[in-house]
Each structure stands twice: as structure tokens, then as C-alpha cells.
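# Chain and residue survey
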Amino acid sequence: MKKHLLFVSTFFVLHGYFAQNNNAAFAPVKEQLERWDDIRGPWLAASIEALADRKEIPDRTFPEDFTPYEMMSMIPLRERQDLRQILQENRMVVGNNTGAYPIFSTMLERTFCSRTYGRSYGDPHLKSFDRAAYSFQTVGEFVLAKSTNGAFEVQTRQRAQDANFSLNEAVAMNVAGDRLCFYASDKPDGMQMPLRLNGMPIQLQGRSYYLPHGGVIRLDGRNYTIAWPTGETTVIDVRGGGLRGFVNVTVGIFECDRNQFEGLLGNNNGFADDDFNTRMHTPRPNNMAALSIASAYAIDSREANQMNQLAEQECQAYMAKDFAEDWRLTDRNTLFDYNAGMTTASYTDRSFPRVYMNLSQMNPQSRENARQRCLQMGVPADEMGGCIFDQGYLNIAPNVPPTPNVPTPGSTVLNKVPRPALNNNNHSFSEGKYPNRPETISGKPSGTPSKPSVESKETKPFQPKEPTVIRAPREPEVSPAPRPSAPSPAPKPSAPAVKSGKG
């Protein structure tokens, strides 16, 4: 017992020692950031410390709507290299994985790194971070992508369109501790606002909304870009047309974060083949990778007829059964909201689809017409198979991967800020709506109540006053393509108007 108490007390003493030393060691970084910009720099340093402590970040006191990562990426290259040198000189402190240094190190290295994107679109078709492409005709709620550090997660809800086709109906995210959900249809409380922050509806007042823990929501046409404070992004492309509302989801991470992810979009280790492996090591069909590549590159009718249809359907069954079960949500890990009496099981149908549809079953003329439409719209080669499938079977308009609405180095000039002025969901820097004595950088956001972490689903988030609702434009209707001999889609209800706004 004494040995146990000694171990525990020693642990806390060492933990306090390292935390204190980390705070002192982070001082050179803070000084460097303050020299770069005497208003933006202190905010960035305080935000990094808040992220490390899993606390809310301070109010912005400058005009831009940047996340901490985006602000760091605006620092000139030479000064970011100087910050790298500070990291090298304090690598022992960085290595103990406590305090602000580890998250600062990660964010800084990402400013030198390229992005990579995974996608879930259409029926849905998925493209992993390592460029593996496959169809995922299932119904239920799934982990699309999740970081191993727990600060980043994207989940999707797939609903049946008819007996054999499904679409993404909703997206739930952990944005550095904030639980954010978007519902294209079947909203949990019957209200029309599609966005929920920690369980409560929010509207965008203008074009940006600041999340408590540093993320930002931006509206660009019908696309919502969610930017994480550490640099990751998710673009929600709201669709409709002749179908019930659905979404395409594009997730952006960094190539340098190798092997730090899991979920339907893979592990980002640079190898496409193992993105289909299950966690339980269920044997997968040997021709899985070959069929995935063939499907992705839109084989022509002659090649399609030569493909072993039974083998392809075997792979589809593996994806919808064994692989899907690995990433199905449970009531313990779901981020979605539910009406009373409903759970994640309410959205699950393991018997779906009734028939596994693929390109080789499509009428050759319909397939060729769909291919030409996809080519005209500039769909990339690795998404051509999915585009042909959606256009030929469901008459879904071709979808080119969207570009996230985030600032890039060199595209924005940061003018000197003459004096701090609040820029949050209550005050607009550009409109001069700030108090006579603005909050200090370390102060709590003025007029903003405490907001819950991702674990809470009850606390009401801050609601902007007198919001102006902006309606995203409807997707134009597409003239019907020749219908193949495949199951007919469900009757077409009118597409719901998608509301959006700022906060």
C-alpha cells in the first residue's frame, strides 16, 4: 500500500514538474509570436495553450475569422523556420507529450505539409486518404474518419433511397471538443435549421460561426466548410434536386500525419491496399484491391462484361457486412442527436442492400451516356466509376470534389491592427461593434456563456441575436438520363430548402 501511494504521489509531482517546465519552455514561442504581431501573436499563443488544456480559446481581437492553425500558416516562412529552431532546442520538453509544445509542434509542421482528402459521395462511394476507391452500399451510422488522439472525428448516417441504393443523410463531428451535426433531412426535433452545436440548433449570421474550442464554420454557396483549430477540414456539400436532401462529404487531413487515423477512409499510411482490412482481421477477398481500382477507373462496356460479376459482388458483400461492422456506431460512441425513444439502431438495416448493384449490370448505353456526362463535368479519374454509377442509376448530377473554403498562405495580406477590437459571435470587428474596453487576450469571451465539451448533449450553446437566415441555393434539376434496367428510385418528394447562416 505504501509503495502504491509513493508511486501515485511521485507521478503527480513529476506531472506538475513537467507541466511547470513546459509552461516556462513555451515562453520563447510566445515571445516570437508577439514579435511577429502584437495583437494576433498573443491570441495565437493563448489559443495553443487553451487547446493543450482542452479549454475554450480566447476571443479574436482582429478582423480575420482564422482558426489557430490558419493564423499560424500566415506567419512568414522565415519566422516559421525560426519557430522550428525553438522546437529543436526544446525537443526534450516536446517529447514528454504534455503542455502546449506537442500541439504547437504538430500545428507548425502541418504548415509545411500537403493536404490529402478522403470522400464519401453519391450512393455512397468512398475514396480513402490513400486513394483506395470503393462502393459502400449500406444503411446505418459509421465512423468515417477519426484521429488516434481523439480531437478529430467525422461520422456519417447513410439512409436507404430504395431497396438497393443509399445516400448520406447527416454528418456528426467532434471539432476539438465541440459536437457539431448537420442534418440534410430527418432533423431530430422537426425544426428546419440543419446545424446543431452540442445538441442545440444554430444559425449562421453572415458567413462564419466561431466554435468555442477554436473551429470555424463557413458557408460558401451550398457548401459548409468546417475548419478544425488544428487544420483538418470537412466540406459538407448539400444536395437535393429530384431526391430527398442528402450530402457529399469531403474530409481533409495532412499527408505528414501518417498512420494516425482510422475509419472508413483508412489510416493515411500511404498504402491503399490495407484500407480494406478489418480490425478483427476478417479474411477479405483476394481480388478486393483489383476490383476497387477497376471500379474507380470506369471500365468500358467490353471490359465490364469480361469482369467476373460474382467476384465483384463478393467484394461488395464483404464491404457491406464484415468491413461495415467494424465502423458501425454504437450508443456509446455516436455523436448524433436522437429523438426520444430512438438510438443508432433505429437507423441501422443490416439486410441492406437487397441486391448489390455495380457498373457491369448497367445498360451499356446508359453507362456510356453517364460516362460522357461525367467527363464533360470534369470528374477526376479516380471518382469516374462512382460518378457513372450515380448518374446512370439515380440521375445524380456529377460532383467535382469541392475545395475547402480556408485561407492559404500568400492569399491574404494581414494589415496591422491599430488596436484590439472584439470579433466573435456577438461582436463584429468590421462593423465596429465592440465595447469601449475590449477583453484582454486571456479574458473570457464577452457576453458568451460557457459551452459544453463534446461529451455533453444538453447544454444550450450561445445563440446570436436577431440572426439573418441565408438560404443556400437549390441544386438545379437535371434532365432525366436514359434509365437502365435497375430498381427504380423511390418517389421523388420535393427537396427541402436548406437554411444556413452565421454565428
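Residues numbered from 1 in each chain as written. Predicted model: local features only at pLDDT ≥ 70, side-chain atom pairs only at ≥ 80, totals over all residues. Heavy atoms only, no water.

### Brief notes about the overall build of the protein chain
Formally: The numbering of helices and of strands both runs from the N terminus, where a helix is a DSSP run of H or I of at least 4 residues and a strand a run of E of at least 2. Each residue gets one of three labels from its accessible area relative to the maximum for its type: buried under 20%, exposed over 50%, partly exposed in between, using a 1.4 Å probe on protein chains only. The contact criterion used throughout is that any non-hydrogen atoms of two residues lie within 4.5 Å. Accessible areas in this description were obtained via Shrake-Rupley with a 1.4 Å probe; residue shielding takes into account the shown protein chains only.
If you tally the helices and strands in the protein chain, you get 12 helices and 17 strands. Considering the protein chain as a whole, with its 503 residues, one finds that 56% of them fall into the buried category. Contacts in the protein chain between residues far apart in sequence, at least 24 positions, make up 67% of those at least 6 positions apart. In the structure as shown, the protein chain presents an accessible area of about 21,900 Å², 52% of it carried by carbon and sulfur atoms.

### What to know about the packing of helix H2 (residues 27-36) against helix H5 (residues 77-89)
Filter applied, for reference: To get an axis, fit a line to the C-alpha atoms, keeping to the stretch in contact for a helix; angles then go from 0 to 180 degrees between the N-to-C directions. Should an angle lie under 35 degrees it is considered roughly parallel, over 145 roughly antiparallel, and from 65 to 115 roughly perpendicular; all remaining angles are considered oblique. Three categories are distinguished: nonpolar for Ala, Val, Leu, Ile, Met, Phe, Trp, Tyr, Cys and Pro, charged for Asp, Glu, Lys and Arg, and polar for the others, with Gly belonging to the last.
The N-to-C vectors of H2 and H5 enclose an angle of 170 degrees; their axes lie 10 Å apart at closest approach. Taken together, the axes of H2 and H5 are roughly antiparallel relative to one another. Residue-level inspection shows Pro 28, Val 29, Gln 32, Leu 33 and Trp 36 of H2 in contact with H5, the latter providing Glu 79, Asp 82, Leu 83 and Ile 86. Per-class residue counts for the contact of H2 with H5 are 6 nonpolar, 1 polar and 2 charged.

### Some thoughts on the pattern of salt bridges
In a structure, side chains of opposite charge can pair up when their charged atoms sit close to one another. To be explicit about the condition: A side-chain nitrogen of Lys or Arg and a carboxyl oxygen of Asp or Glu constitute a salt bridge if their distance falls within 4 Å.
One pass over the structure, following the stated rule, counts 23 salt bridges. Salt-bridge contacts for Arg 218 lead to Asp 65; the nearest nitrogen and oxygen are separated by 3.0 Å. With a gap of 153 residues between them, Arg 218 in strand E11 (residues 216-220) and Asp 65 in the loop between helix H3 (40-52) and helix H4 (68-73) connect regions that are remote in the sequence. Like Asp 65, Arg 218 is buried. Among the salt bridges present, the one from Glu 109 reaches Arg 84, with a minimum N-O distance of 2.9 Å. A residue pair is termed long-range when its members are at least 10 positions apart, and Glu 109 in helix H7 (residues 101-110) and Arg 84 in helix H5 qualify at 25 residues. Owing to a relative accessible area of 31%, Arg 84 belongs among the partly exposed residues under this scheme. Taken together, the salt bridges that share partners define one network made up of Arg 119, Lys 127, Asp 382 and Glu 383.

### Examining the pairing of strand E7 (residues 178-183)
To keep things clear, this is the line we draw: A pair of strands is considered paired only if DSSP assigns at least 2 bridges between the two.
Counting buried positions over the 6 residues of E7 gives 6, a clear majority of the element. Pairing between strand E6 (residues 166-175) and E7: 6 bridges, direction antiparallel. Counted as the bridge partner of Met 173 is Leu 180 from E7. Between the end of E6 and the start of E7, which pair antiparallel, lie 2 residues, with Ala 176 showing a positive phi angle near 55 degrees. The sheet contact formed by E7 and strand E8 (residues 195-197) spans 3 bridges and is antiparallel. Residue pairing for E8: Cys 181 is matched across the bridge by Arg 196.

### Re helix H11 (residues 364-376)
The condition that has to hold: Here the expected length of a helix is defined as 1.5 Å per residue gap, with one fewer gap than residues. Any N or O atom pair separated by 3.5 Å or less is treated as a polar contact, with the protein-specific requirement of one donor-capable and one acceptor-capable atom, and with residues adjacent in sequence counted only for side-chain atom pairs.
A rise of 1.5 Å per residue sets the reference length of H11, with its 13 residues, at 18 Å; its end C-alpha atoms lie 18 Å apart and thus fit the reference within 8%. You can read the cap of H11 off the contacts: a side-chain oxygen lies 2.9 Å from the backbone nitrogen of Gln 365, and it is on Asn 363. Gly 378 occupies a position one or two residues after H11 and carries a positive phi of about 75 degrees.

### A closer look at the sheet that holds strand E12 (residues 223-227)
A sheet is described by the order of its strands in space; here 8 strands give the open sequence E3-E2-E1-E14-E13-E12-E11-E10, paired in antiparallel fashion. Two strands in the sheet have a free side with no partner beyond their single neighbour: strand E3 (133-135) and strand E10 (208-210). Along the sheet, successive strands turn relative to each other by an average axial angle of 15 degrees, direction set aside. Note: E10 against E11, 3 bridges, orientation antiparallel.

### Digging into the environment of Pro 398
Locating Pro 398 in the fold gives a position in the loop between helix H12 (384-394) and strand E16 (470-471). Given the relative accessible area of 7%, Pro 398 is considered buried. Separated by 23 residues in the primary sequence, Pro 398 and Leu 375 place their C-alpha atoms 9.0 Å from one another. Beyond its immediate chain neighbours, meaning those up to four positions away, Pro 398 contacts Arg 239, Arg 373, Cys 374, Met 377, Val 379, Cys 387 and Gln 391.

### Some remarks on H3
With 13 residues, H3 extends 18 Å between its outermost C-alpha atoms, agreeing within 8% with the 18 Å of an ideal straight helix rising 1.5 Å per residue. Among the 13 residues in H3, 11 count as buried, and that is most of the element. Every buried residue of H3 is accounted for by Arg 40, Gly 41, Pro 42, Trp 43, Leu 44, Ala 45, Ala 46, Ser 47, Ile 48, Ala 50 and Leu 51. Looking at the buried residues of H3, the elements they touch are H2, H4 and H7. With its phi angle positive at about 60 degrees, Arg 54 sits one or two positions after the end of H3.

### Some thoughts on the sheet that holds E7
If you trace the 7 strands from one edge of the open sheet to the other, you get E9-E8-E7-E6-E5-E4-E15, paired in antiparallel fashion. The open sheet terminates on both sides in strands that have one partner only, identified here as strand E9 (200-201) and strand E15 (261-262).

### Describing the state of the cysteines
In a disulfide, the sulfur atoms of two cysteines are covalently bonded to one another. Worth spelling out the cut-off: In what follows, a disulfide is any cysteine sulfur pair within 2.5 Å.
Across all of its chains, the model carries 2 disulfides by this definition. Linked covalently through their sulfurs, Cys 113 and Cys 256 form a disulfide whose S-S length is 2.5 Å. The chirality of the disulfide connecting Cys 113 with Cys 256 is left-handed, given an S-S dihedral of about -130 degrees. Here Cys 113, found in the loop between H7 and strand E1 (115-121), pairs with Cys 256, found in the loop between strand E14 (246-254) and E15; they are 143 residues apart in sequence, far enough to count as distant. Sequence-ordered numbering of the bonded cysteines in the protein chain yields a pairing of 1-2, 3-4.

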